[in-house]
Each structure stands twice: as C-alpha cells, then as structure tokens.
Amino acid sequence: MRQSVAEIYDAHADQLYRYALILLTDHAAAEDAMQQVFAKLARNSGTVSGIKNESQYLKTAIRNECFRILADKKRRRQYLQSDTGNALLQQVAPEQGSDEQREEIETALKKLPPEQRETVYLKVYEDMTFKEIAKLLKIEPNTAASRYRYGMDKLRQHLTDRF
C-alpha cells in the first residue's frame, strides 16, 4: 500500500518533531529538520514503499538531518550557547511534572552530551528497547545501555539536590 507524504506526515510528525527537538533543543531547528526530511521524501516519489519499518526509517532520516544541522558551525554555536527559556520538556512531555520540575529536568538534559540525551529520550519518552535504540543509532545494545545509564546517573546527580 502506497501512502502519500501527507499521510506519512500525519502518522509520524508529532513523534519525529519531539525527537528532533530533543536532539537540537531549538524549535526552529527542529522544524527545519522536519521540513528537510519531508521535502526529500516528497522529491523521492513521495512514498516510503519498500521500507520494512517506516517508523525506523523516518527516525533515522530525522536523526541524520539533526546531526547535519548540528554540524553547521553557526548552528553549533547557537546550540552550545543557547538558553532560550523555551520549555523543551513542555513540548516533549507537557503532562509530566510541575513547571519548576520540567525546567530543572530540561536544564539537566541540556547538560548531557548529545548521545546520552538522545538515548535517554528514546528510552524514556519513546519507550524503545536498547535493541531498538542500538539499531536506530547503529551502535551495540550494550553501548545504548551504557549511554542511558551514564545519562541517567548524571540526571540523578543533578536533580537529587533539586527535589
């Protein structure tokens, strides 16, 4: 069954945007990544036919686009220095915790290395297994588990004093 770009977008946009937002920590950059991925999809026949796992394919595409954006020196400087005050977790998980708790968690997440932040997000917010994370990131499952464990340790360390 062939799906149109609009149908694919409707089915996956929210999840992909949250993923891009957690990687880039910038709403405009996340929107740019989404636009690039879906524009490329539209240019390439507008379908994801022949792909075994549509969700996995799109997550890989958005991840690649996010890291392309981060590689851009201007964006990288903004990424490293940005503290826009936007509620990152409000966009990722608006129903979880108080505003103060979300701000503290957001601050702690921003301090994690991108690889750990990404793994924590995929595990906690996307409910992926380490095997699924490993496949998406093209790493070993033990590496995914280690990144998650180190990220969670850092988050716990930062947040223990706060709550």
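Reading the values: the criteria
- Residues numbered from 1 in each chain as written.
- Predicted model: local features only at pLDDT ≥ 70, side-chain atom pairs only at ≥ 80, totals over all residues.
- Heavy atoms only, no water.
- Helix = DSSP H or I, 4+ residues; strand = E, 2+ residues; numbered from the N terminus.
- Buried < 20%, exposed > 50% of the residue type's maximum accessible area, 1.4 Å probe, protein only.
- Contact = heavy atoms within 4.5 Å.
- pLDDT = per-residue confidence, 0-100.
- Phe/Tyr/Trp six-rings, centres within 6.5 Å; stacked < 30°, edge-to-face > 60°.
- Lys NZ or Arg CZ within 6 Å of the ring centre and 35° of its normal.
- Salt bridge = Lys/Arg side-chain N within 4 Å of Asp/Glu carboxyl O.

**A look at the overall build of the chain**
When helices and strands are tallied, the chain shows nine helices and zero strands. Sequence-ordered secondary structure for the chain, helices as α and strands as β, is α-α-α-α-α-α-α-α-α. Put simply, the chain has 163 residues, and 40% of those count as buried. Partitioning the contacts of the chain with sequence separation of at least 6, the portion at a separation of at least 24 is 69%.

**A few points about unusual backbone geometry**
In this structure, Asp127 is a non-glycine residue whose phi angle is positive, near 55°. Looking at where Asp127 falls in the secondary structure, it is placed in the loop between α7 (114-124) and α8 (130-137).

**So, the confidence of the model for the chain**
Averaged over all residues, the pLDDT of the chain equals 80, while 77% of them reach at least 70. Here helix α5 (residues 88-92) stands out as the least confident element of the chain, with mean pLDDT 48; α8 is the most confident, with 93.

**What to know about the environment of Thr60**
Within the element layout of this structure, Thr60 appears in helix α3 (residues 54-71). Separated by 44 residues in sequence, Thr60 and Leu16 place their C-alpha atoms 9.8 Å apart. The contacts of Thr60, once residues within four sequence positions are left out, are Leu136 and Lys138.

**A closer look at the packing of aromatic side chains**
Enumeration according to the criterion identifies four aromatic pairs in this entry. Here a set of aromatic residues connected by ring pairs shows up, and it is made of Tyr19, Tyr121 and Tyr125. Stacked on the ring of Phe130, the Lys or Arg Lys123 has its end atom at 4.5 Å from the ring centre. Here the guanidinium or amino end of Arg149 rests over the ring plane of Tyr150, the centre of that ring lying 4.9 Å away.

**Thoughts on the pattern of salt bridges**
Taken as a whole, this structure holds five salt bridges when the rule is applied. Here Arg68 and Glu65 are joined by a salt bridge, their closest N and O atoms 2.6 Å apart. Residue Arg68 and its partner Glu65 are located together in helix α3, separated by three residues, close to a single helical turn. Assessed through its relative accessible area of 12%, Glu65 is described here as buried. For Asp153, the salt bridge goes to Arg156, with nearest N and O atoms at 2.9 Å. Note that Asp153 and Arg156 are positioned in helix α9 (residues 141-160) at a spacing of three residues, about one turn of the helix. On the accessibility criterion, Arg156 (48% relative accessible area) is partly exposed.

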